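Survey of secondary and tertiary structure
Residues per chain, in single letters:
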Amino acid sequence: MEIIILIAVGMLASLCGAIAGLGGGFIMVPILALMYVIPVSDISGTSMAVLFVSAISSTIAYAGQKRIDYRSGLTFAVAMIPGSILGAWTTGVIENRVFFVSLGIFLVLMAISINFKPKKSRDGFLKPNVSRSLLDASGQRHEYSFNMTFAAVVAFFVGFLSSLFGIGGGSVMVPTMILFLAFPPHIATATSMFSILLSAFVGTVSHAVLGHVMWDKFIWLAIGALAGGQIGARIASKIPAIAVVRVLSVCLLIAAVRLMFKG
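Here is what the cut-offs are and how they apply
- Residues numbered from 1 in each chain as written.
- Predicted model: local features only at pLDDT ≥ 70, side-chain atom pairs only at ≥ 80, totals over all residues.
- Heavy atoms only, no water.
- Buried < 20%, exposed > 50% of the residue type's maximum accessible area, 1.4 Å probe, protein only.
- Helix = DSSP H or I, 4+ residues; strand = E, 2+ residues; numbered from the N terminus.
- Pairing = 2+ DSSP bridges.
- Core = buried A, V, L, I, M, F, W, Y, C linked by side-chain atoms within 4.5 Å.
- Contact = heavy atoms within 4.5 Å.
- Axes fitted to C-alpha atoms, helices over the stretch in contact; angles between N-to-C directions.
- Parallel < 35°, antiparallel > 145°, perpendicular 65-115°, else oblique.
- Left-handed = near helix turned anticlockwise from the far one by under 90°.
- Nonpolar A, V, L, I, M, F, W, Y, C, P; charged D, E, K, R; others polar.
- Phe/Tyr/Trp six-rings, centres within 6.5 Å; stacked < 30°, edge-to-face > 60°.

Side-chain direction in a regular strand flips from residue to residue, so the side chains alternate between the two faces of the sheet. The side-chain alternation of strand β1 (residues 130-135) yields one buried face, formed by Val130, Arg132 and Leu134, and one unburied face, formed by Ser131, Ser133 and Leu135. One ladder, built from 6 bridges, connects β1 with strand β2 (residues 141-146); its direction is antiparallel. Looking across to β2, one finds that Ser131 is bridged to Ser145. Hairpin remark: β1 followed by β2, antiparallel, with 5 residues in the connecting loop; positive phi at Gly139, about 95°.

This paragraph deals with the nonpolar core. Within soluble globular proteins, side chains that are nonpolar generally end up buried alongside one another. Within the largest apolar cluster, 31 residues are counted, with the highest numbers of intra-cluster contacts made by Phe76, Phe146, Met173, Met177, Leu181 and Phe183. Secondary-structure elements contributing two or more residues to this core are α4 (70-91), α5 (97-113), β1, β2, α6 (148-165), α7 (170-179), α8 (185-209) and α10 (241-262). It is α6 that contributes the most residues to this core, 9 residues altogether. Once residues lying within four places of it in the same chain are set aside, the contact partners of Met177 are Phe76, Ala182, Phe183, Ala188, Thr191 and Ser192. Of all hydrophobic cores here, the second largest spans 17 residues; its members include Met28, Val29, Ala49 and Val53.

The next subject is unusual backbone geometry. In the Ramachandran plot, Lys66 falls in the positive-phi region, its phi being about 55° despite a non-glycine side chain. Note that Lys66 resides in the loop between α3 (40-65) and α4. The class of Lys66 is exposed, set by a relative accessible area of 53%.

Here we take up the packing of α3 against helix α9 (residues 215-237). Where α3 meets α9, the closest approach of the two axes is 8 Å, and the angle between their N-to-C directions is 30°. One element, α3, and the other, α9, form an angle in the roughly parallel class. Crossing geometry of α3 relative to α9 is assigned as right-handed. Taking contact as the criterion, the partners of Thr46, Ala49, Val50, Val53, Ser54, Ser57, Ser58, Ile60, Ala61, Tyr62 and Gln65 in α3 are, on α9, Phe218, Leu221, Ala222, Ala225, Leu226, Gly229, Gln230, Ala233, Arg234, Ala236 and Ser237. Residue classes in the contact of α3 with α9 are distributed as 13 nonpolar, 8 polar and 1 charged.

Turning to the packing of aromatic side chains, a few remarks are in order. Applying the stated criterion to the full structure yields 10 aromatic pairs. For the ring pair Tyr70 and Phe194, a centre distance of 5.1 Å and an interplane angle of 80° mean the geometry is edge-to-face. One end of the pair, Tyr70, is in helix α4; the other, Phe194, is in helix α8, and 124 residues separate them in sequence. With 6.1 Å between their ring centres and 75° between their planes, Phe150 and Phe180 make a pair best called edge-to-face. Here the residue Phe150 occupies a position in helix α6, and Phe180 occupies one in the loop between α7 and α8, the gap between them amounting to 30 residues. With a relative accessible area of 29%, Phe180 lands in the partly exposed category.

Here it is, written out as structure tokens:
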């Protein structure tokens with residue numbers, strides 16, 4: 001029964017995470033915390049390892065849809081990697097309840113504000129200095145401009161948060177990409193999963209070296225995650241962009257409530 005539950009949890013987390021580009025840890029971490037009496041570091045490390053598997057599955061599906069901005073994703077991933085290593089180390093030595101609550105409040109604000117994406121040109125530190133034009137597999141062209149410097153700074157902190165809590169940095173990266181960087185929702189979710197794939201590998205290795213991964217639980221969670229990532233990415237490709245934003249808002253609210261209760 002435990003194995004069936006773990007496979008189901010992995011599939012559900014990966015499916016929801018792929019649709020919204022979050023990675024699914026926001027579902028997995030609370031469930032593992034309820035199922036087992038174990039250190040937070042083991043929960044975060046195991047979730048990060050499963051997140052890596054989920055990101056592989058989702059990225060393969062999104063690559064077929066041609067909705068990944070590879071140049072931006074690689075840059076974000078490079079910025080995330082130092083944060084991932086720092087987050088893995090911090091998990092084992094610090095517990096800050098105020099930070100959990102603060103992050104929860106931040107996610108609530110993001111969940112609300114993402115539904116009111118500004119249409120005016122950005123100025124100051126958000127002034128675009130990079131432009132992109134992508135043609136996806138359906139023939140739709142996506143054109144957008146954003147500030148790469150601001151994005152890289154955010155990506156560093158995303159890598160840290162992702163590895164620290166094992167919840168998937170997409171819960172911060174995707175809304176930032178949509179709200180402040182003018183990414184189309186479908187491109188944001190696909191590119192986010194690609195960035196998470198690269199940074200999650202480093203985070204997983206860091207957690208594994210520190211002994212934070214429960215391999216016996218990971219195997220069954222990963223099996224579910226492989227299937228869920230494929231299904232979620234396919235569902236995301238068939239729903240309108242506004243629906244992706246709505247799903248993202250709900251997922252952020254769930255993650256926020258979980259984090260605040262944890263705090």
